[in-house]
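Architecture at a glance
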Amino acid sequence: MNLTGYKIRTATEQDIDFLWEMLYQAIFIAEGDVKPSREILNQPDLSKYVSNWGRQGDIALIATDSSENPVGAIWSRLFDETNKTYGFIDKNTPVLSMAVLPEYRGLGLGTLLLNEMIRTAKDSGFTSLSLSVDPNNPALRLYERQGFVKVGIDGTSWDMMTTLENK
Ligand SMILES: CC(C)(COP(=O)(O)OP(=O)(O)OC[C@H]1O[C@@H](n2cnc3c(N)ncnc32)[C@H](O)[C@@H]1OP(=O)(O)O)[C@@H](O)C(=O)NCCC(=O)NCCS
């Protein structure tokens, strides 16, 4: 794996459009299924991952290539009982989302982003992270390697969580 030239940086306001694109890219499409239109991002259960970005507790990291173009992102956000989302565990556990542009997948950027997010979330005082993943998504292996364990099922997706104490 050679990630020379790639970098991870904190997202700025200028990255919000890219986060929306990454949210679209993060939607799991089973083999043979048709990609939904980008209109799907207007659905509240999806838009809540990014809308009004910049709330207390929001963390977003961007992976860039050697020309500093964004090629991937990971972001985490707090939700609560009145505003739950897939992967919600409790109001103190940020819910993770991530994606890498298709042509940059499998290079190690996802691993890098996830490691950096774990470190950043810990440095920010969080003690756990959660996420929702379709068990058929190959990303499941990435999450398991980073210590996420299945804590529930919501429809067909798994809720997964990791604690940050020993990381
Ligand atoms: C999941 C994802 C962010 C990982 O980023 P990446 O840069 O490809 O990851 P890495 O190269 O560091 O790690 C490889 C792991 O990522 C996953 N992965 C690799 N290529 C992938 C692909 N084309 N699609 C989905 N997951 C992939 C696998 O778990 C792989 O582990 P493995 O080598 O044991 O199979 C990226 O593949 C992606 O954007 N996938 C589509 C969006 C998505 O599924 N997001 C997560 C929603 S829960």
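None of these values were measured; they are calculated from a predicted model.

Overview of the nonpolar core
Grouped together as the largest cluster of nonpolar side chains are 49 residues, with contacts concentrated most on Leu19, Ile74, Trp75, Leu114, Tyr143, Phe148 and Met160. Elements with a minimum of two residues in this core: α1 (16–26), β2 (59–64), β3 (70–77), β4 (95–100), α3 (109–123), β5 (128–133), α4 (139–145) and β7 (157–163). Per element, the largest residue contribution to this core is six residues, and it comes from α3.

Here we look at α3
Taking 1.5 Å of rise per residue, the 15 residues of α3 would be expected to cover 21 Å, and the 21 Å separating its terminal C-alpha atoms lies within 8% of that figure. Turning to α3, its buried residues are Leu109, Gly110, Leu113, Leu114, Met117, Ile118, Thr120 and Ala121. Once α3 finishes, Gly125 follows within two positions and takes phi at roughly 95 degrees, a positive value.

Description of the site of the ligand
With respect to spatial proximity, 21 residues lie near the ligand, and among them Val100, Gly110, Thr111, Pro138 and Arg141 are the closest. Between the ligand and Arg105 there is a distance of 3.1 Å, counted from an oxygen atom to a side-chain nitrogen or oxygen. In this structure, Gly110 approaches the ligand through a main-chain N or O atom, which is 2.8 Å from an oxygen atom. Within the complex, the protein chains bury 79% of what would otherwise be the 830 Å² of accessible surface of the ligand. Taking a 2 Å distance to the grid points as the criterion, the majority of the atoms of the ligand fall inside the largest pocket. Mapped onto the shell around the ligand, the elements with two or more residues apiece are α1, β4, α3, β5 and α4.

A word on α1
Buried within α1 are the following residues: Phe18, Leu19, Met22, Leu23, Tyr24 and Gln25. If you follow the buried residues of α1, they end up packed against α2 (44–47), β2, β3 and β4.

Side note on the UniProt feature "domain: N-acetyltransferase" (unreviewed entry) in the protein chain
Per the UniProt record, the feature "domain: N-acetyltransferase" (unreviewed entry) sits at residues 6–165. Along residues 6–165, the helical share is 23% and the strand share 27%, with 28 Å between the first and last C-alpha atoms.

Focus on the packing of aromatic side chains
One pass over the full model with this rule turns up three aromatic pairs. When the ring of Tyr6 is compared with that of Tyr104, the centres are 6.3 Å apart and the planes differ by 80 degrees; the resulting orientation is edge-to-face. You can see Tyr6 sitting in the segment before β1 (7–10) and its partner Tyr104 sitting in the loop between β4 and α3, a full 98 residues away along the chain. Pairing Tyr49 with Phe79 gives two aromatic rings, centres 6.1 Å apart and planes at 70 degrees, and the pair type is edge-to-face.

Some details on the side chain of Thr64
Among the secondary structure elements, Thr64 is positioned in strand β2. Apart from residues lying up to four places away in sequence, Thr64 is in contact with Gly5, Tyr6, Lys7, Arg9, Asn69, Pro70 and Val71.

Digging into the pattern of salt bridges
The tally for this structure, following the rule as stated, stands at seven salt bridges. Asp15 is the salt-bridge partner of Arg9, the closest N and O atoms lying 2.8 Å from each other. The class of Arg9 is partly exposed, set by a relative accessible area of 30%. Since its relative accessible area comes to 5%, Asp15 is described here as buried. Across the pair Arg77 and Asp58 runs a salt bridge, and its minimum N-O distance is 3.0 Å. Placement of Arg77 in strand β3 and of Asp58 in the loop between α2 and β2 is noted, with a sequence separation of 19 residues between them.

What about the layout of surface pockets?
Taken as a whole, the largest pocket encloses approximately 1,400 Å³ of empty space. Around the largest pocket, the lining is made up of 40 residues, and of these Ala26, Ile27, Phe28, Asn137 and Ala139 lie nearest the centre. When contributions to the lining of the largest pocket are tallied by element, the ones reaching two or more residues are α1, α2, β4, α3, β5 and α4. Considering every element that reaches the lining of the largest pocket, the biggest residue donor is β4, with six residues. Here the lining of the largest pocket is built from residues that sort into 23 nonpolar, 11 polar and six charged.

Rules and cut-offs
- Residues numbered from 1 in each chain as written.
- Predicted model: local features only at pLDDT ≥ 70, side-chain atom pairs only at ≥ 80, totals over all residues.
- Heavy atoms only, no water.
- Core = buried A, V, L, I, M, F, W, Y, C linked by side-chain atoms within 4.5 Å.
- Buried < 20%, exposed > 50% of the residue type's maximum accessible area, 1.4 Å probe, protein only.
- Helix = DSSP H or I, 4+ residues; strand = E, 2+ residues; numbered from the N terminus.
- Expected span 1.5 Å × (residues − 1).
- Near = heavy atom within 4 Å.
- Polar contact = N/O pair within 3.5 Å; in protein donor to acceptor, adjacent residues only side chain to side chain.
- Areas by Shrake-Rupley, 256 points an atom, 1.4 Å probe, with all protein chains shown as cover.
- 1 Å grid on protein atoms, 1.4 Å probe; cavity = no way out; pocket = protein on both sides within 12 Å on 5 of 7 lines; lining within 4 Å.
- Sits in = over half its atoms within 2 Å of the grid points.
- Contact = heavy atoms within 4.5 Å.
- UniProt positions renumbered as here; feature names shortened; annotations may be inferred.
- Phe/Tyr/Trp six-rings, centres within 6.5 Å; stacked < 30°, edge-to-face > 60°.
- Salt bridge = Lys/Arg side-chain N within 4 Å of Asp/Glu carboxyl O.
- Points joined across faces, edges and corners; volume = space filled by probe spheres on them.
- Nonpolar A, V, L, I, M, F, W, Y, C, P; charged D, E, K, R; others polar.

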